[in-house]
Amino acid sequence: MLVNFREMLSDAYRDKRAVGSFNVYNYETMRGVLDAAVEMGSKPVILAFGAKYLENMSLQDAYSMAFALSSQRNIPVCLHLDHCSDMDVVFQAIREGFGSVMYDGSSLPFEENMANTKLVCRFAHACGVSVEAELGSIAAGEASHEGSPDDKEVYTNPESAREFVARTGVDALAVSIGTVHGLYRGAPNIRLDILERIDKILGMPLVLHGGSGIPEETIRACIKAGICKINVNTEISSYAVAELSKLVGSPKPPHLSVLALKERSCVDEVVKKYIRFFEAQ
Ligand code: 13P
C-alpha cells in the first residue's frame, strides 16, 4: 500500500531505526527494492524516484508502477520524489500522487531556499503529502549520478536548521555531516557531533544522503543520533553493473530478459544488506 512518509519516519525515529530510501527508475529496480523489503520481514520502504531519472520514466509512469506493485504487497511503501530543484516538477509529482517530495533548494541562498520550501510545504501538506528539504551541501564522491563534481561540502548549521524548520514546517530535514553522493575516496569522516546537536535542537526525523559505502557501525551511530531515513543509490548501481558486465562479456552473452532478472536480483541483494544495517539499534 502507498503511504506518505510522515508516519513511517516518526515511528522509525521513535524506535531508533531507519527506513531505507532506494533509488528506482524502471521495473527491475522497483521490483528489486520491494522484493527485498518483503523478504526482510515486510519492512516499510521508500521508492526514491529522482528528478534525474525523468528521462527513464515519467512521473505518471513511476506512480502507476509503484501503485500496482505496492498494491500486491502487504507493506507500507512511500513513493518519494528525490532531489528536485524544479518547483514545477515538485508540484506535478504531488498532483500525480507521490507520497513525499524532496524540494532541494540547498544551492540557493538561505532565505530563498526557505521561502520556496515553505511554499512547497503549504501545497504538499494540503494534499496530504510529506516534504523533505536539505540544508547545507553534500559533496560528490566517485561514480555519483547525482549532483556535480563541483558540489562543495557545507555542514548543516544547527542554529540555521532550527530557524529553517520552524519557518517552513518540513516533515524531514536532510543534513550535511560529511557524507558524499557516490563512493568515498578515503574513509568517511562523519561529524556525529554536528548531528547530535541538530537532533537535540530539532527532535524530528533527519535524513542521511549518500548512504553508499558508509561502514555499518557509522550507520548505526547515525541512527542512534537521530537519522531515520537513509538514501542509497550508487552502490546498488555499481554492483549491478559489475555483475551484468560479467554476463555481457562472457563468450555466450545471455538474452536481454535474463539480464533484466539479474539486474533485479542484484538490487534485491544490496537493498537487503542495507535494510539489515538499518534495523532497530
Ligand atoms: P549514494 O549514491 O551515495 O548512495 O547517495 C544516494 C542519495 O543520497 C540519493 O539521494
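Everything that follows concerns the structure shown earlier in this document.
Residues numbered from 1 in each chain as written. Predicted model: local features only at pLDDT ≥ 70, side-chain atom pairs only at ≥ 80, totals over all residues. Heavy atoms only, no water.

S.K.: I would appreciate a short explanation of the overall build of the chain in the present structure.
M.R.: Counting secondary structure elements, the chain contains 10 helices and 10 strands. For the chain, whose C-alpha radius of gyration is 18 Å, the value lies close to the compact-globule estimate of 19 Å for 281 residues. Along the three orthogonal principal directions, the C-alpha set of the chain runs to about 60 × 40 × 35 Å. Burial statistics for the chain: of 281 residues in total, 53% are counted as buried. Of the contacts made within the chain by residues no fewer than 6 positions apart, 73% connect residues no fewer than 24 positions apart. For the chain, the exposed area adds up to about 12100 Å²; of that, 52% sits on carbon and sulfur atoms. (Helix = DSSP H or I, 4+ residues; strand = E, 2+ residues; numbered from the N terminus. Rg over C-alpha atoms; globule rule 2.2 N^0.38 Å. Buried < 20%, exposed > 50% of the residue type's maximum accessible area, 1.4 Å probe, protein only. Contact = heavy atoms within 4.5 Å. Areas by Shrake-Rupley, 256 points an atom, 1.4 Å probe, with all protein chains shown as cover.)

S.K.: Would you mind showing me how to read the site of the ligand here?
M.R.: As a structural note, the neighbourhood of the ligand is formed by 15 residues, with Asp 82, Gly 182, Gly 210, Ser 212 and Thr 234 the closest of them. Contacts to the ligand include Asn 231, whose side-chain N or O atom sits 3.0 Å from an oxygen atom. A distance of 2.4 Å separates an oxygen atom of the ligand from a polar side-chain atom of Thr 234. Protein coverage of the free-state accessible area of the ligand, which is 300 Å², stands at 100%. Because more than half of its atoms lie within 2 Å of the grid, the ligand is assigned to the largest cavity. Secondary-structure elements contributing two or more residues to the shell around the ligand are β3 (77-84), β8 (180-181) and β10 (227-232). Residues of the shell around the ligand, tallied by class, amount to 2 nonpolar, 11 polar and 2 charged. (Near = heavy atom within 4 Å. Polar contact = N/O pair within 3.5 Å; in protein donor to acceptor, adjacent residues only side chain to side chain. 1 Å grid on protein atoms, 1.4 Å probe; cavity = no way out; pocket = protein on both sides within 12 Å on 5 of 7 lines; lining within 4 Å. Sits in = over half its atoms within 2 Å of the grid points. Nonpolar A, V, L, I, M, F, W, Y, C, P; charged D, E, K, R; others polar.)

S.K.: Explain the pairing of strand β4 (residues 100-103) to me, please; I cannot follow it from the model alone.
M.R.: Across a regular strand the side chains alternate sides, sitting on one face of the sheet and then on the other. Here β4 shows no split at all, with Ser 100 and Met 102 on one side and Val 101 and Tyr 103 on the other all buried. In terms of strand pairing, β3 meets β4 through 3 bridges, oriented parallel. Across the sheet, residue Leu 81 finds its bridge partner in β4, namely Val 101. In this sheet, strand β5 (residues 130-135) lies alongside β4 in parallel orientation, the contact comprising 4 bridges. Its bridge partner lying in β5, Val 101 is registered against Val 131. With respect to chirality, the unit in which β4 leads through helix α5 (residues 110-126) into the neighbouring parallel β5 is right-handed. (Pairing = 2+ DSSP bridges. Right-handed = clockwise from strand over helix to strand, strands pointing away.)

S.K.: What am I meant to see in the layout of surface pockets here?
M.R.: Sizing a probe to match a water molecule and rolling it over the atoms shows the empty space that remains. Of the voids in this model, the largest pocket is the one considered here, and its volume is about 410 Å³. The leading source of residues in the lining of the largest pocket is β3, at 3 residues. Here the lining of the largest pocket is built from residues that sort into 3 nonpolar, 8 polar and 7 charged. (Points joined across faces, edges and corners; volume = space filled by probe spheres on them.)

S.K.: I would appreciate a short explanation of the packing of aromatic side chains in the present structure.
M.R.: For any pair of aromatic rings, geometry is given as the distance between the ring centres together with the angle between the planes. Tallying each qualifying case throughout the model produces 8 aromatic pairs. Between Tyr 63 and Phe 67, the aromatic rings sit 5.9 Å apart at their centres with planes inclined by 25°, giving stacked as the arrangement. Remark: Phe 67 and Tyr 63 occur in helix α3 (residues 59-71); sequence separation between them is 4 residues, near one turn of the helix. Each ring, one from Tyr 274 and one from Phe 277, has its centre 5.5 Å from the other, and the planes form 75°; the classification is edge-to-face. One end of the pair is Tyr 274 and the other is Phe 277, both in helix α10 (residues 256-277) and 3 residues apart, which spans about a single turn. As far as burial versus exposure is concerned, Tyr 274 and Phe 277 are alike and both buried. (Phe/Tyr/Trp six-rings, centres within 6.5 Å; stacked < 30°, edge-to-face > 60°.)

S.K.: I would appreciate a short explanation of the nonpolar core in the present structure.
M.R.: Generally speaking, soluble globular proteins have nonpolar side chains that are buried together. With 75 residues, the main nonpolar core has Phe 22, Leu 47, Phe 49, Leu 81, Val 101, Leu 173 and Phe 278 as its most contacted residues. Not counting residues up to four positions away in its chain, the partners in contact with Phe 278 are Arg 17, Ala 18, Val 19, Gly 20, Phe 22, Ile 219, Ile 223, Ile 230 and Val 232. (Core = buried A, V, L, I, M, F, W, Y, C linked by side-chain atoms within 4.5 Å.)

S.K.: Explain empty space enclosed by the protein here, please?
M.R.: By the definition in use, this model includes 1 cavity of 30 Å³ or more. Its volume calculated, the largest cavity comes out at about 80 Å³. Along the walls of the largest cavity sit 13 residues, with Glu 146, His 181, Gly 210, Asn 231 and Asn 233 positioned nearest its centre. Looking at the lining of the largest cavity residue by residue, the classes come out as 1 nonpolar, 10 polar and 2 charged.

S.K.: Explain the sheet that holds strand β7 (residues 172-175) here, please?
M.R.: Remark on secondary structure: sheet strands pair via backbone hydrogen bonds, oriented parallel or antiparallel. On the basis of which strands lie adjacent, the closed barrel formed by 8 strands has the order β1-β2-β3-β4-β5-β7-β9-β10 and parallel pairing. Between one strand and the next, the sheet's axes are offset by a mean angle of 25°, whatever the strand orientation. Bridge analysis of strand β2 (residues 45-50) against β3 gives 6 bridges, and the strand direction is parallel. Bridge assignment links Val 45 to a residue of β3, and that residue is Val 77. (Axes fitted to C-alpha atoms, helices over the stretch in contact; angles between N-to-C directions.)

S.K.: Any chance you could explain the side chain of Asp 35 here in plain terms?
M.R.: Topologically, Asp 35 is positioned in helix α2 (residues 27-39). When residues no more than four places from it in sequence are discounted, the contact partners of Asp 35 are Arg 73, Arg 264 and Asp 268.

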